[in-house]
Amino acid sequence: MSTIDSGHYGDGVARRTKRLWTDEEKRSICFQTAAPGVSVAQVARRYAVNANLIFKWLRDPRYAPDPASVAPPAEEARFLPVEIVAEAMSAPAAPAAGNHIEIDLAGGHRMRISGSYDPEALARLIRGLTA
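Residues numbered from 1 in each chain as written. Predicted model: local features only at pLDDT ≥ 70, side-chain atom pairs only at ≥ 80, totals over all residues. Heavy atoms only, no water.

Asker: Tell me about the packing of aromatic side chains, and please be specific about residues and values.
Answerer: According to the stated counting rule, one finds 2 aromatic pairs in the structure shown. On the numbers, 6.3 Å between centres and 80° between planes, the contact of Trp21 with Tyr47 is edge-to-face. Taken together, the positions of Trp21 in the loop between β2 (17-20) and α1 (23-32) and Tyr47 in helix α2 (residues 40-47) put the pair 26 residues apart, joining distant regions of the chain. Overall, the relative accessible area of 14% leaves Trp21 in the buried class. Here the aromatic rings of Trp21 and Trp57 are separated by 6.0 Å at their centres, their planes lie at 70°, and the arrangement is edge-to-face. Taken together, the residues Trp21 in the loop between β2 and α1 and Trp57 in helix α3 (residues 51-59) connect sequence positions 36 residues apart. Under the relative-accessibility criterion, Trp57 is labelled buried at 6%. Members of the aromatic cluster, connected to one another through ring pairs, are Trp21, Tyr47 and Trp57. (Phe/Tyr/Trp six-rings, centres within 6.5 Å; stacked < 30°, edge-to-face > 60°. Helix = DSSP H or I, 4+ residues; strand = E, 2+ residues; numbered from the N terminus. Buried < 20%, exposed > 50% of the residue type's maximum accessible area, 1.4 Å probe, protein only.)

See the structure below:
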């Protein structure tokens, strides 16, 4: 990006500059707007440029991102089935057999997971409950 002085100003007056974006910079900025969950306004703030200018670039076929080069959206967030059971604290149980997980949480709550599950989603759930 380069800048040029856009006029003559007297002493004590700030000079305004006009930024000149290269075609490659415009393509890069426009490509960033195609990422899932990213808005044009977010990209505009990142580069300190008006969002309307980015929309103008997106209408130009030279800068618009190629739909084939954009990554497909990530899998949607989903809820995990959770059952909160109120029961008295007992002695530690023997290790569960098969696909069963039992987690004792603060406050006397216990989380039981059985069957198949997504380990990453379970880790996020536990971090959310313990934070």
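What follows picks up the thread again.
Asker: Could you give an account of the nonpolar core, with specific residues and numbers?
Answerer: By size, the foremost hydrophobic cluster in this structure holds 10 residues: Trp21, Ile29, Cys30, Val40, Val43, Ala44, Val49, Ile54, Trp57 and Tyr63. For this core, the secondary structure elements donating two or more residues are α1, α2 and α3. When residues in this core are grouped by element, the largest group, 3 residues, is from α2. (Core = buried A, V, L, I, M, F, W, Y, C linked by side-chain atoms within 4.5 Å.)

Asker: Residues and numbers for the side chain of Lys26, please.
Answerer: For Lys26, the location among the structural elements is in helix α1. The buried charged residue Lys26 lacks any salt bridge, with Asp23 as its nearest oppositely charged partner at 4.4 Å. Look past the residues within four positions of Lys26 in its chain and what remains in contact with it is Trp21, Trp57 and Tyr63. (Lys, Arg positive; Asp, Glu negative; His and termini not counted. Salt bridge = Lys/Arg side-chain N within 4 Å of Asp/Glu carboxyl O. Contact = heavy atoms within 4.5 Å.)

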